[in-house]
Amino acid sequence: MSGAKAEVLQGTLDLMVLKTLDTLGPMHGFGIARRIEQVSRDLLRLNQGTLYPALVRLEQKGWIISKRGISENNRRARFYSLTRAGRTQLRKEAENWQRIAGVIGRLLSESQGV
Amino acid sequence: MTWLKVVFSRLTGLFRRKRLEHDLDEDVRTHIEMLAEENRRKGMTPEEARRAAMRQFGGVEQVKEECRDTWGVRFLREVTQDVRYGLRLLGQSPGFAAFAILTLALGIGANTAIFQLIDAVRLRTLPVRDPASLAIVHLNMNHWGSGSFSGSYSEFTFPLWQQVEKRQQGFSSIAAWGGTQLNLANGGEVDQAQAIWVSGEFFEVLGIRPLLGRLISPSDDPEIAGAGCAGAVDLSYSFWQRRYGGDASVIGKTLTLDGHPFPIVGVTPPTFYGVSVGDRFDMAVPVCAEPIVDGQYSFITGARARIDWWLAVLGRLKPGWTLRRATAQLESIAPAALHATVPPQYDADGVRHYLAYKLEARPAANGFSNARDQASDSLYLLLGLSGLVLLIACANLANLLLARASAREREIAVRLAMGAWRARLVRQLLAESALLAIAGAGFGVLLASGLSGALIAFISTPDNPVFLDMPTDWRVLGFAAALAMVTTLLSGLAPAWRAGGAAPGSALKTSGRGMTAGRRRFRFERALVASQVALSVVLLASALLFTRSLRNLLTRNPGFQENGVLVANLDTTPLKLSVAQGNVFEGNLLARIRALPGVAAAGISNRSPVSGSSSNEWVLDGKGNHPNGASDLEYISPDYFPALKIQILAGRDFGDKDTAASPKVAIVNQAFVKRFLNGAKDPIGKEFRMWASPGKPEPYYTVVGLVRDSIYNDMQAPMPPIMYFARAQFPDPELFTGPVALIRSRGGMAGLLDSVKNAIAGVNPAINIQFRVLSAQVRDSLLTQELMATLCAFFGALALLLAAIGLYGVISCAVARRTKEIGVRMALGSHPGGIVRLILGEMAVVVGIGLVVGLGLTLAGGKAASSMLFGLKPRDPLTLALALLILAAVGFVASFLPARRASRLDPTTALRYE
């Protein structure tokens, strides 16, 4: 494991899960984890297990729901999908994230400019 | 609303725990298998692939535990653990647990009982349909109109009610009602029932449906009263049960009210007790039947109908109408309504005032209540005092728990050192006090339901029965639960907080091995004890104040001798006597009663003392004005004064020579002379006049006797001026329909009752009689004060006990902790007396601070009680000094015992003590 990989911040994982489900549609835990790793191009260190508490959390909030299904290679698995409330939440959190990222970016570039 | 969803899913999660666990297991397994499969496809051996998968996934148990956390399972598991731990701890010291639960049960029980009463008289709404849209129509009299007022809520005369009914627009339905007592018996001893007169729409306004038969409707109460009134009676559920055992065939039977038969047409539902809180009704009778019962003196058809105030009015607001709008409409109709009903008996002044009366609509959701207005002050005061008792109980419990926590200091320190979570420790300690509080509240609620019933029974008298429906409803339970919560926090937070905040290192070091116990450590306990003492001062002072006030009342000389007097209230309406016949009849009656062997003296009046019945009239000065107001009055027979043992100071009693034809004479008391006769030294022979309605003569009365002051009705009021007139000189035949015989017994009252009853029946068997004992009547009028005194004494005693236990506990604990220090002092030659002085001195400071603060609190809060005290002020120095003295003495004893024990320690044992 290289030290350059970033830890996943609490809360950002929720956003990542929501966005992934938004892109992929209904997906099982393994698929979500795989997708996040792919998109992060292995820059993120993710213990895939930590996904599950996040899924429980999101389900409790009513942003995702789960259903039993059969995976592409014929395994029984639970498929998670976004609810309408989840979609709204995703839009809100994404906007929020972008705003904060913008602020942080501007701050950092300013201080570098000094 | 997301949090709501979370809470809900957590709660449901608690019940679906097995399935959730199962799903999670499956999820995790599938995930790892998928990872492993992928790894195998990358070329790893199955074994390698599996191990890599486990690594990629991370700690399985950790993940599962985190999920369980999110479900709320861990929280529940820990709480269960805490509760079990708490139960075990309490089980180890059952004495402590029992004591704590008992004190809390007493504190919470007393509070809940009083709250239950307040709830019943103040907060609960009427058990009728949509009580919020009900309104009382109130007649605002800025000047007290004269006339006769009967019933507790007499606001309207019948003619005025008719005007309001005709002219109002704000109510979809409107009704009038009035309370009265009707006699169910036919002659002989009266069998009184509480009846209400109701106008036709009464039950419609309230939206009450019959339990049986039908309820009185507009067709039972035709416009033209008296004529065409068939009469109908609805029974209340409780009366139906009591009298008829709930027999359904009662419909159609006949009930005799004041000698007139009425058909029973229905029964009201059990929840309906009437519209006035604190009262109960036995039957409802249509208003139009009133002339049938009252005959020539009817409030409707009689000559005085416009000054007979006996009805109260309530209505249901039309949809969209507010109280404000209804009031505005009522205000606009008031002048016309009043103009049409001006009483012919009023003079110009009276008419001017009458026309200025105003009508307004008031909320009626809580019903009518005199009980509410009279009792609420004392109830709130009692609630405050019982709240203080609970506070003291909490302080006590906090102290005991602190002592227990410090005994476990080492255990806690070890657990903290080993990495226990502080919040968890705090929760564990709170669990213990929560258990105690819940048990205390449970027993408290049981206690309260008995206690509040006893309180009601206490304030209820035969003449003024109080009926309150007091189920232990959600409001009462909620109140008890809130008390339990507050108790938990008050008593548990301090020990928990301290234990949670302890530094493990120092706690491990100090425990047991220290030479002197840090003063700072005990600061909190001392503060608790000081506040206990302070609150106890308040409670003890109130107990003493109310007890002394009651004693003042009980020992007050009422001016008459109430012991040994039998009161016979007679109803002679069936006899239809004229004035002359009345005088003859009463003469015969008295002669027969006086001839009985057990009778020392007997007289007749129109009322008996402290019965609540009263009449008064303005006394005029030379110019016909009444600058000094009115005097109470009474119409009496000769020998009235000896019967009550009211001393005649000068002049003479009435006699046979005072007749309708002889000069008008009066006997007055000392207060009368002082107020109306300029305090004349010799009032005999002086003359005065009373106000009379226009057109009536205002004759001069000559004072022929002076008697000692006596109480008229109110045991708490100063001696009122009273004028006595001879019955023979009173022109109104109505006086003779309800005479009251006052009979002083010789030897004892046993057997007197029957012989008097026979004597009266011998004169005429149709007379209705109701007996009272004068001393009981006087005593009954003091019940509220007696209740206050009894409860306050109970609270005071409880507070004292708790404070003593608190003091004793804290000092014993402090002494135990300082055993070693004491040993050293003694080994160095300190005298046992010196040790006692040392400990007592420290406690004296604590108690002293408590006493000073308590005195301040009492002085500040005393105002609330001032109107309820008789013969002393709330700042009565003697009472306050006594309270302080008692507490100081209790404090001394409670600290002396452990101090003496300390001084008797054997130095060598003490030094070895651990």
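Cut-offs applied
Residues numbered from 1 in each chain as written. Chains lettered and ligands numbered in written order. Predicted model: local features only at pLDDT ≥ 70, side-chain atom pairs only at ≥ 80, totals over all residues. Heavy atoms only, no water. Buried < 20%, exposed > 50% of the residue type's maximum accessible area, 1.4 Å probe, protein only. Helix = DSSP H or I, 4+ residues; strand = E, 2+ residues; numbered from the N terminus. Arc of directions from axis to C-beta. Contact = heavy atoms within 4.5 Å. Buried area = accessible area lost by both parts, 1.4 Å probe. Salt bridge = Lys/Arg side-chain N within 4 Å of Asp/Glu carboxyl O. Polar contact = N/O pair within 3.5 Å; in protein donor to acceptor, adjacent residues only side chain to side chain. Disulfide = S-S within 2.5 Å. Pairing = 2+ DSSP bridges. Core = buried A, V, L, I, M, F, W, Y, C linked by side-chain atoms within 4.5 Å. Axes fitted to C-alpha atoms, helices over the stretch in contact; angles between N-to-C directions. Parallel < 35°, antiparallel > 145°, perpendicular 65-115°, else oblique. Left-handed = near helix turned anticlockwise from the far one by under 90°. Nonpolar A, V, L, I, M, F, W, Y, C, P; charged D, E, K, R; others polar. pLDDT = per-residue confidence, 0-100.

Next up on the list: helix H12 (residues 348-355) of chain B. All names here are of chain B. Those residues of H12 that sit buried are Gly350, His353 and Tyr354. Along the long axis of H12, the arc covered by the buried residues comes to 100 degrees, so they all point the same way. Away from its buried face by more than 90 degrees, H12 exposes Ala348 and Arg352.

Now for the interface of chain B and chain A. Each partner contributes to the interface: chain B provides 26 residues, whereas chain A provides 26 residues. A combined buried area of about 2300 Å² lies between chain B and chain A, and 52% of that area is made up of carbon and sulfur atoms. Counting the surface chain B buries against chain A, the share from its top three residues, B:Asp27, B:His31 and B:Met34, is 25%. Here chain B is connected to chain A by eight salt bridges. Residue B:Asp23 is joined to A:Arg78 by a salt bridge in which the shortest nitrogen-to-oxygen separation is 4.0 Å. The interface formed by chain B and chain A holds 13 residue pairs in polar contact (both at pLDDT 80 or more) in total.

Residue and element names in this part refer to chain B. Under the defined criterion, the tally for this structure stands at one disulfide over all chains. A sulfur-sulfur separation of 1.9 Å characterises the disulfide bridge that pairs Cys229 with Cys288. Its S-S torsion of approximately 55 degrees makes the covalent link between Cys229 and Cys288 right-handed. Of this pair, Cys229 sits in the loop between strand S6 (212-213) and strand S7 (233-235) while Cys288 is found in the loop between strand S10 (283-286) and helix H10 (290-294), placing the two residues 59 residues apart along the sequence. Using a relative accessible area of 0% as the deciding quantity, one classes Cys288 as buried.

Residue and element names in this part refer to chain B. Of all six residues in strand S12 (residues 312-317), six are buried, a share of seventy percent or more. Of the pairings in the sheet, the one linking strand S1 (residues 134-140) to S12 comprises four bridges and is antiparallel in character. Residue pairing for S12: Val137 is matched across the bridge by Val313. Here strand S3 (residues 171-183) runs beside S12; their pairing, made up of six bridges, is antiparallel. Opposite Phe171, over in S12, you have Leu317 as the bridge partner.

The next point concerns the nonpolar core. All names here are of chain B. Phe156, Phe171, Leu235, Leu257, Met283 and Leu359 are the most contacted members of the largest nonpolar core, which totals 55 residues. Here the element with the most residues in this core is helix H11 (residues 323-339); it accounts for six residues. Contact partners of Leu235, with chain neighbours within four places excluded, come to Trp240, Tyr244, Val250, Leu255, Ile264, Gly266, Val267, Thr268, Asp282 and Met283. Formed by 54 residues, the second largest nonpolar core is a distinct cluster that contains Leu90, Ile118, Leu436 and Val476.

Now for the packing of helix H18 (residues 523-555) of chain B against helix H26 (residues 832-861) of chain B. Residue and element names in this part refer to chain B. Orientation of H18 relative to H26, taken along the N-to-C sense of each, is 40 degrees, at an axis distance of 7 Å. Classified by the interaxial angle, the pair formed by H18 and H26 is oblique. You can see that H18 and H26 cross each other, and the crossing is right-handed. In this structure, H18 uses Arg526, Val529, Ala530, Val533, Ala534, Leu535, Val537, Val538 and Ala541 to contact H26, whose residues at the interface are Glu842, Met843, Val846, Val847, Gly850, Leu851, Val853, Gly854, Leu855, Leu857 and Thr858. Partitioned by chemical class, the residues of the contact of H18 with H26 number 15 nonpolar, three polar and two charged.

Looking at chain A as a whole, the pLDDT averages 82, with 86% of positions reaching at least 70. Per-element confidence in chain A is highest for strand S2 (residues 27-28) of chain A, whose mean pLDDT is 90, and lowest for strand S1 (residues 6-7) of chain A, whose mean pLDDT is 56.

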